[in-house]
Amino acid sequence: MTETTVPTLTTDDVTVTTDHMGRLYVVIPDEVARLLALAALKGIDPAAHGIFAESAPHPADSWVATTVRAVFEAVLSSPLGAEHPDAWGLRLYRTHGGGTLLGFIVGESGWNRGTHWWRDYERTRDLRVRGCASIVPVSRPNLAGTCTF
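> Which residues make up the sheet that holds strand β7 (residues 128–129), and what values go with them?
The strand order across the open sheet formed by 4 strands is β1-β2-β4-β7, and the pairing between neighbours is mixed. Here the strands that pair on one side only, and so sit at the sheet edges, are β1 (15–18) and β7. Of the strand pairs in this sheet, β1 and strand β2 (residues 24–28) are connected by 4 bridges, and their pairing is antiparallel. Note on β2: the bridge partner recorded for valine 16 is valine 26. Running at roughly 125° to β2, helix α2 (residues 63–77) makes contact with β1, β2 and β4 (104–107) of the sheet.

In C-alpha cells form, the structure reads like this:
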C-alpha cells in the first residue's frame, strides 16, 4: 500500500481577494482545496438542508487544522484581509488561538481573477470549501485548536 501525501499549504500559496460585491475570498491551490472541501463535509448528513450543519471536528494536529491555520495567517497578513469586515472573526486568532473565517475558500481553477467571481460554478464544485472555517480558541482547553466548518 502506498502512503498518500497531503499537500502543505503556506501563506505564499494563498491569495486573499474579494468578489465583485466586496466579500472576502481566499484562493488556494486546487489539490489543497479538493481535500479541504472533503474535510468540510465530513460528518454532515448529505440529505441535510439549511445552514446549521457543522462538520465533524478535526483534531488540532491534523492536516486540516494546520491548513486552516495557514489560511488564517495569510488573511491576517494580507493588507486586504487584515482590515476586511469578513475577517472580524479572526481578530483574536493570534492572541487566543481560535477564530472563524467568514469569507469563502476556493481552489484556483474555480476562481476567475479577472471578473472576481466563480469560474464554471457547476463544474468546480469540488474546489469550494463549504461552511466557515473555524479553530476553537484556547478558552476551551479540551477542544482548543480543533477545526470545524
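> How would you summarise the packing of aromatic side chains if you had to cite specific residues and measurements?
Inspection of the entire model under this criterion finds 6 aromatic pairs. Between tryptophan 111 and tryptophan 118 the ring centres are 6.1 Å apart and the planes differ by 85°, which places this aromatic pair in the edge-to-face class. Here the aromatic cluster, defined as three or more aromatic residues joined through ring pairs, consists of Tyr25, Phe104, Trp111, Trp118 and Tyr121. Geometry around tryptophan 118 places arginine 128 over its ring, the cationic atom sitting 5.6 Å from the centre. Positioned over the ring face of tyrosine 121 is arginine 128, at 3.7 Å from the centre of the ring.

Rules and cut-offs
Residues numbered from 1 in each chain as written. Predicted model: local features only at pLDDT ≥ 70, side-chain atom pairs only at ≥ 80, totals over all residues. Heavy atoms only, no water. Pairing = 2+ DSSP bridges. Helix = DSSP H or I, 4+ residues; strand = E, 2+ residues; numbered from the N terminus. Contact = heavy atoms within 4.5 Å. Axes fitted to C-alpha atoms, helices over the stretch in contact; angles between N-to-C directions. Phe/Tyr/Trp six-rings, centres within 6.5 Å; stacked < 30°, edge-to-face > 60°. Lys NZ or Arg CZ within 6 Å of the ring centre and 35° of its normal.

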